[in-house]
Amino acid sequence: TGFSFIMGTEIGDRSIRFEDARVKTGAAVSAGADMTWFVTPKVAVELMTRAVDAQAKVYDTKNVFSGGHLNLYHFDLGGKLSTPFTLGQRLSTRAFAGVRLVDGDTFTDGTKSYTISDETKFEMGLGITYECLDSHNYAWGFTCDYYHTFSSYMKNRYSISSSWKILF
């Protein structure tokens, strides 16, 4: 049981198509926090939050134009099945569901503007976590998560993150 600080990257569906252009994002920076409460030694409930910043550019048929940023926010509640496999090391799988908020933006190619509106959509996903006990109060680890959002754009996303956990 503890509180984790998460930092990593999020990738996946990156293009949002318009009639004559597309807005494309690169790999995004992700930061967040997880609160984990073990109800038994192997089963936990998790509250997960993430803030994601993705730089975006506009592409038409011949040119690339500078864009702005898309900000995504994940708020999820999940169940976790965890098992120690050596002394001080734990491997976990989790399933989660919640909402993803997109802070929309307007992008321009010099003559036309393309708007991605604000959006709040249901999401669900799966993940795997590795944790290593560092001391009796701290642990570090890695997480890999898959997010599926019921949205018209950027439906499937993957995150790879490192974590630092304060144990209670």
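Residues numbered from 1 in each chain as written. Predicted model: local features only at pLDDT ≥ 70, side-chain atom pairs only at ≥ 80, totals over all residues. Heavy atoms only, no water.

Asker: Help me understand the layout of surface pockets in this model?
Answerer: Over the atoms a probe the size of a water molecule is rolled, and this reveals where empty space is left. Approximately 220 Å³ is the volume found for the largest pocket. Together, 13 residues line the largest pocket, and Arg90, Glu131, Leu133, Ala139 and Leu167 are the ones closest to its centre. Broken down by secondary-structure element, the contributors of at least two residues to the lining of the largest pocket are β7 (89-103), β10 (119-133) and β12 (156-167). Looking at the lining of the largest pocket, the element that brings in the most residues is β10, giving three residues. For the lining of the largest pocket, the class distribution of residues is seven nonpolar, three polar and three charged. (1 Å grid on protein atoms, 1.4 Å probe; cavity = no way out; pocket = protein on both sides within 12 Å on 5 of 7 lines; lining within 4 Å. Points joined across faces, edges and corners; volume = space filled by probe spheres on them. Helix = DSSP H or I, 4+ residues; strand = E, 2+ residues; numbered from the N terminus. Nonpolar A, V, L, I, M, F, W, Y, C, P; charged D, E, K, R; others polar.)

Asker: What's the story with a nonpolar patch on the surface in this structure? I'm lost.
Answerer: Taken together, Met35, Trp37, Val39, Val43, Val45, Leu47, Leu77, Leu81 and Phe168 make up a surface patch of nonpolar side chains, about 880 Å² in accessible area. Elements with a contribution of two residues or more to the nonpolar patch: β4 (28-38), β5 (43-59) and β6 (64-86). Ranked by residue count, the leading element in the nonpolar patch is β5, at three residues. By relative accessible area, Phe168 is classed as exposed at 65%. (Patch = residues over 30% accessible without salt bridge, like charges linked within 9 Å, V, L, I, M, F, W, Y side chains within 5 Å. Areas by Shrake-Rupley, 256 points an atom, 1.4 Å probe, with all protein chains shown as cover. Salt bridge = Lys/Arg side-chain N within 4 Å of Asp/Glu carboxyl O. Buried < 20%, exposed > 50% of the residue type's maximum accessible area, 1.4 Å probe, protein only.)

Asker: When you look at unusual backbone geometry in this model, what are you seeing that I'm missing?
Answerer: When glycine is set aside, most residues are seen to have a negative phi, and most peptide bonds are trans. Of note in the backbone geometry, Met154 takes a positive phi value of approximately 50° without being a glycine. With respect to the helices, strands and loops of the structure, Met154 is situated in the loop between β11 (138-149) and β12. A relative accessible area of 2% means that Met154 is categorised as buried.

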